[in-house]
Amino acid sequence: MKYSFKKTILAATTSVMIGVSAFAASPADTYQNAVNTMIHHPQGEYTMQVQASMPVIGTGTCTTKVDVQEKPFVSKIEISAAAMGKSSPTVHGYAEQEGKQIVYYYDGQYAKLNANGTDKTTWVKNTIDLKSAEPVIQQLAGPHHVLSGVKDVTANGNVYTVTYDMTKLYTPGDEIQWKKQGASKKDMETLKDILQALQQAGDIKANVTIDPQSNRITNINIPLTDQVRSALDAAWKHSDSAWKDKKDILKFITMSDVSVSMTWTELPQGMDLSVPKDIKKKAKEYK
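Read on for an overview of the structure. Along every chain, residues carry numbers that run from 1 in the direction the sequence is written. Reporting of local features is limited, given that this is a predicted model, to residues whose pLDDT is at least 70; pairs of side-chain atoms are given and counted only at 80 or more, and all residues count toward the totals for whole chains, interfaces and linings. Heavy atoms from the whole structure form the basis of all side-chain values; hydrogens and water molecules are not counted.

## Concerning the overall build of the protein chain
For the purposes of this entry, the term helix denotes a DSSP run of H or I that reaches at least four residues, the term strand denotes a run of E that reaches at least two, and both are numbered from the N terminus. On a plain count of helices and strands, the protein chain comes out with 8 helices and 13 strands. Looking at the 287 residues of the protein chain, the share that counts as buried comes to 29%. Contacts are residue-level and defined by heavy atoms, with any inter-residue pair within 4.5 Å sufficient. Of the contacts formed within the protein chain by residues at least 6 apart in sequence, a portion of 57% connects residues at least 24 apart. Surface accessibility follows the Shrake-Rupley procedure with a 1.4 Å probe radius. Residue values consider only the protein chains on display as shielding. Only carbon and sulfur atoms are counted for the fraction: they give 57% of the accessible area of the protein chain, which is about 18,400 Å². Using a 1.4 Å probe on the protein chains alone, a residue whose accessible area is under 20% of its type maximum counts as buried, one over 50% counts as exposed, and one in between counts as partly exposed.

## A look at the layout of surface pockets
Throughout, the protein atoms alone are placed on a 1 Å grid, and a set of points is a cavity if a 1.4 Å probe fits but cannot get out or a pocket if it is open with protein on both sides within 12 Å along at least five of seven lines; lining residues have an atom within 4 Å of a point. Grid points are joined across faces, edges and corners, and a volume is the space filled by probe spheres set on the points. Taken as a whole, the largest pocket holds about 320 Å³ of empty space. Taken together, Met38, Ile39, Pro42, Tyr46, Val66, Val68, Phe73, Ser75, Val136, Ile137 and Leu140 make up the full set of residues lining the largest pocket. Of all the secondary structure elements, the ones that give two or more residues to the lining of the largest pocket are helix H2 (27-40), strand E2 (58-69) and helix H3 (136-140). Charged means Asp, Glu, Lys or Arg here, nonpolar means Ala, Val, Leu, Ile, Met, Phe, Trp, Tyr, Cys or Pro, and polar covers whatever is left, Gly included. Across the lining of the largest pocket, the residue classes break down as 10 nonpolar, 1 polar and no charged.

## Here we look at the environment of Thr59
Mapped onto the secondary structure, Thr59 falls in strand E2. When its relative accessible area of 42% is taken as the criterion, Thr59 is described as partly exposed. The spacing of Thr59 and Met84 is 25 residues in sequence and 7.4 Å in space, taken between C-alpha atoms. Leaving out residues up to four positions away in the same chain, Thr59 has contacts with Gln51, Ala52, Ser53, Ala82 and Ala83.

## What to know about the packing of aromatic side chains
Stacked, edge-to-face and tilted labels apply to pairs of Phe, Tyr and Trp rings (six-membered ring for Trp) whose centres lie within 6.5 Å, assigned for plane angles under 30 degrees, over 60, and everything in between, in that order. Scanning the model with the defined rule gives 3 aromatic pairs in all. Ring centres 6.1 Å apart and planes at 45° place the aromatic pair Tyr94 and Trp123 in the tilted group. With a gap of 29 residues between them, Tyr94 in strand E5 (residues 91-98) and Trp123 in strand E7 (residues 123-129) connect regions that are remote in the sequence. Across the pair, exposure class does not vary: Tyr94 and Trp123 are buried alike. Between the aromatic rings of Tyr170 and Trp178, the centroid separation amounts to 6.0 Å while the plane-to-plane angle is 40°, which identifies the pairing as tilted. Accessibility expressed as a relative area gives 7% for Tyr170, which makes it buried.

In structure tokens:
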């Protein structure tokens, strides 16, 4: 059977397209690749907002902004909250790598000013030991099983709905590992009840926006009302508060809605994240 040149080209093109489509990234693959990109190259500005809609109080928000520089590793954090038309003082913190340690600084108390207008904030210094002096980003960028706790990923354009499998939060026998890590019997009982409550609350679904050009996650939105209610309910049952107080608090919680959102952007041009010299000088070692 003879084919015209035009038909031959059409057949070849169709075959190539079918072959390419067979290797096209699935939504799960795209999500996994984007997460790995963020892990291996975390530089940027992250803004996370926890929002709660509560009776009487209205909508309250807690906003955390973290700026991360990869080389050399240094980060800056700012935390603030607002409710009922009022805002809290902003709490600041810094972290940087010094050899085999991460040294971090944070407000020991809310920022205050002396009578002459100078800052009298108490700064606290602490450290975290690392395995080596290798850049911390490289130490954290090992293999990560991104999809191990994910049940399903679907896509609608650049927005991916990711379903996290909450059933894997706790399995009988986890207490053995907790005990090795120094957890007390009471702590283990509380943690077990909270994790089981989260399991019973159902899977968590997040809407994740992925920029196809940079392969980065630029926005995440997660409704957490059911999970927060269940977790706090379990936690309060182990608290030392009087039952009357617990009952009132739990009633308040069940009438509240909670959600979390996170956005990522490039670091602002020319931003200096280094720890100010005066903070290094006056920071006191944590004891």
